[in-house]
Amino acid sequence: MKKFIVGNFKMNTTTHEFAKYLDKFLPLVKDSKNVVGLSIPYTHLMLASQKLVSTNVVYGSQNISTEEKGAFTGEISNLMVKDLGAYFTLVGHSEIRKKFRETNEQINQKIIRALSVNLKCILCVGETKTERNANKTKQVLKKQLEIALKGLYENELKNIIIAYEPIWAIGTGKMPTVKEIEKTVCDIRQIVLDMFSQKSAEKICVIYGGSVNQNNSANILKIKNLNGLLIGGACLDPVEFANITK
Ligand code: PGA
């Protein structure tokens, strides 16, 4: 079964640096049996549309607006991203939830916008350390998923990838054990089952993110009910990221 391995660049690299990155990265992953994704700054989308055409690497944005068009200075719309050949957009990354106080309702609007132009969504969900210590992880994920996926038709779930990213594991070098990730992925599938159906719960793509690197990735990918990885810091080194995709 192919895994979906996505690198999230966050606010890193100029287009010039990104071009050099691709020159190094693409030959290393050209025979990858997995689906490789790059979640890149908006400014890189045009370059990606030129350099990644007819490669096995897909790309997408890290966010989109809740709005379609108009007087929204500083925002980027679903169509602008789609127009540059993006395959997906990230939505609900914890850094955006926190810094811009993004709500689950706004995330729901973004998902609906993305799906309306055939952009897949990588929906990030995850608990804080405090929520985890209070044994509230499942409850938090349930709320995030129920609101974010509200109003979706079941057949739209094929365009949703759920990224389980415990907030305390992002960029910290800490992460849950393999068993804990497996259990949480199970919980996520149970929530999808309750909202939709057994079939959707089994089929939906669920990936893990948070302090993944080339030393721990193989172990995490052994988790049976997990379909891939979302990688931040470690994807900035093209050799390390290529190793992970292998
Ligand atoms: P990290 O980030 O791999 O640097 O922990 C993951 C993410 O934020 O998507």
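Owing to the predicted nature of the structure, the values given are computational and were not obtained by experimental measurement.

Enquirer: I would appreciate a short explanation of the overall build of the chain in the present structure.
Expert: Counting its regular elements, the chain contains 11 helices and eight strands. A compact globule built from 246 residues would reach a C-alpha radius of gyration of about 18 Å, and the chain, at 17 Å, matches this within 12%. Dimensions of the chain, computed from C-alpha atoms along their principal axes, come out at roughly 45 × 45 × 35 Å. Looking at the 246 residues of the chain, the share that counts as buried comes to 54%. Here the chain has roughly 12,400 Å² of accessible surface; of this, 53% comes from carbon and sulfur atoms. Here the chain contributes 34 positive and 23 negative side-chain charges, whose respective centroids are spaced 3 Å apart.

Enquirer: When you look at the pattern of salt bridges in this model, what are you seeing that I'm missing?
Expert: A pair can form between side chains of opposite charge whenever their charged atoms are brought close. What the rule picks out here adds up to nine salt bridges. E127 serves as the salt-bridge partner of R132, at 3.3 Å between the closest nitrogen and oxygen. Each member of the pair, R132 as well as E127, carries the same accessibility label: buried. In this structure, D187 engages K183 in a salt bridge whose closest nitrogen and oxygen atoms are separated by 2.8 Å. One end of the pair, D187, and the other, K183, are both in helix α8 (residues 178-195), four residues apart, so they sit about a helical turn from each other. One network of salt bridges, in which partners are shared, links E127, R132 and E180.

Enquirer: Looking at this structure, I do not really get the site of the ligand. What am I missing?
Expert: K10, H93, E165, G171 and S211 are the nearest of the 13 residues found near the ligand. In the model, an oxygen atom of the ligand is placed 2.7 Å from a nitrogen or oxygen of the K10 side chain. One of the side-chain N or O atoms of H93 is found 2.7 Å from an oxygen atom in the ligand. Relative to its free-state accessible area of 280 Å², the ligand is covered by the protein chains to the extent of 95%. Looking at side-chain class alone, the shell around the ligand contains four nonpolar, seven polar and two charged residues.

Cut-offs and rules
- Residues numbered from 1 in each chain as written.
- Predicted model: local features only at pLDDT ≥ 70, side-chain atom pairs only at ≥ 80, totals over all residues.
- Heavy atoms only, no water.
- Helix = DSSP H or I, 4+ residues; strand = E, 2+ residues; numbered from the N terminus.
- Rg over C-alpha atoms; globule rule 2.2 N^0.38 Å.
- Buried < 20%, exposed > 50% of the residue type's maximum accessible area, 1.4 Å probe, protein only.
- Areas by Shrake-Rupley, 256 points an atom, 1.4 Å probe, with all protein chains shown as cover.
- Lys, Arg positive; Asp, Glu negative; His and termini not counted.
- Charge placed at Lys NZ, Arg CZ, Asp CG, Glu CD.
- Salt bridge = Lys/Arg side-chain N within 4 Å of Asp/Glu carboxyl O.
- Near = heavy atom within 4 Å.
- Polar contact = N/O pair within 3.5 Å; in protein donor to acceptor, adjacent residues only side chain to side chain.
- Nonpolar A, V, L, I, M, F, W, Y, C, P; charged D, E, K, R; others polar.

So far we have only geometry, and geometry alone does not tell us how the molecule works.
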